[in-house]
Amino acid sequence: GTPSDPPDPHEEAQCLQRIAGLHPNIVTVNEVFRANNTAYYVMEYINGISLKDYVATKGALSQKETVEIMLPVVSAVATLHQNRFTHLDIKPSNIMLANSDDGTIRPVLIDFGLAKHYNSDGSATATVSLTGFSEGYAPVEQYSGITKFSPAVDVYSLGATILFCLTGKTPPRSVEMTPESLRALLPADIPHEFYRILCIATAFQASDRFPNARQLSIELNAIA
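Here, residues in each chain are numbered from 1, in the same order as that chain's written sequence. Reporting of local features is limited, given that this is a predicted model, to residues whose pLDDT is at least 70; pairs of side-chain atoms are given and counted only at 80 or more, and all residues count toward the totals for whole chains, interfaces and linings. Hydrogens and water are ignored here; the side-chain numbers use all heavy atoms of the structure.

A.B. asks: When you look at the overall build of the chain in this model, what are you seeing that I'm missing?
C.D. replies: Scanning the chain for helices and strands turns up seven helices and seven strands. Starting at the N terminus and walking to the C terminus, you meet the elements of the chain as α-β-β-β-α-α-β-β-β-β-α-α-α-α. It is over C-alpha atoms that the radius of gyration is taken, and the globule rule equals 2.2 Å times the number of residues to the power 0.38. In terms of C-alpha radius of gyration, the chain reaches 17 Å, essentially the compact-globule figure of 17 Å for 224 residues. The principal-axis extents of the C-alpha atoms in the chain amount to approximately 55 × 40 × 25 Å. Within the span of the chain, comprising 224 residues, buried residues form 49% of the whole. Secondary structure is summarised from DSSP: a helix means a run of H or I of at least four residues, a strand means a run of E of at least two, and numbering begins at the N terminus for each. Only protein chains enter the calculation, and the probe is 1.4 Å; a residue is then buried if its accessible area is under 20% of its type maximum, exposed if over 50%, and partly exposed in between.

A.B. asks: Just checking my understanding: could you explain the pattern of salt bridges for this structure?
C.D. replies: Pairing between side chains becomes possible if they bear opposite charge and their charged atoms approach one another. Whenever Lys or Arg places a side-chain nitrogen within 4 Å of a carboxyl oxygen from Asp or Glu, that contact is recorded as a salt bridge. Applying the stated criterion across every chain yields a total of nine salt bridges. A salt bridge links Arg-173 to Glu-135; the shortest N-O distance between them is 3.1 Å. Residue Arg-173 is located in the loop between helix H4 (151-167) and helix H5 (179-185), and its partner Glu-135 is located in the loop between strand E7 (116-117) and H4; the two are separated by 38 residues in the primary sequence. You can call Glu-135 partly exposed: its relative accessible area is 43%. The partner of Glu-176 in a salt bridge is Arg-173, and the shortest N-O contact between them spans 3.9 Å. The exposure class of Glu-176 is partly exposed, given its relative accessible area of 43%. Given the relative accessible area of 35%, Arg-173 is considered partly exposed.

All quantities given are derived from atomic positions and should not be read as evidence of function.
Written out as structure tokens, the structure is:
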């Protein structure tokens, strides 16, 4: 449509439904329907607990378990980015650890309430909310509102979520996150290469981060 056309939430919901079906670690959208001038999603029911609750119960995770849980999530976000979607609210409470029939755990990215789809020209296909972010997981630029396709926002949130897994604590606000404070937070046995990846993922300037989740996935796979 023309730029003056109002964005269609139903169209965006259907787009998410299609993309969710492309990756096993994105919550499945079973149905999309229109009512009350908005779009409603019917999501799969996930039997399991959130990553936030898992770490709260178990305590800080090892590097090995952290990477095992987070690599599929990073891969899921890479699929979003390849389809010009950003989640914009990645955090431990939005990652469910689903119990599979074979006894394994399937991490699933949920809650697409802030997610946005963008056209090839970088403009959002639905109204961009300027409000809504999660303290400790939102990069500095998200505080003033995201108006264009910015995968580096999700890269920051993924890095902060990995940091939560390794420390068991909510990360500091992005304005307080420095390479020095990051090093001080991490367990002493975390290898320098992992520290370097987290430094880049949580860099203050978006341009200093990995450009998208696929690049973060490649780096994490190299140390897994």
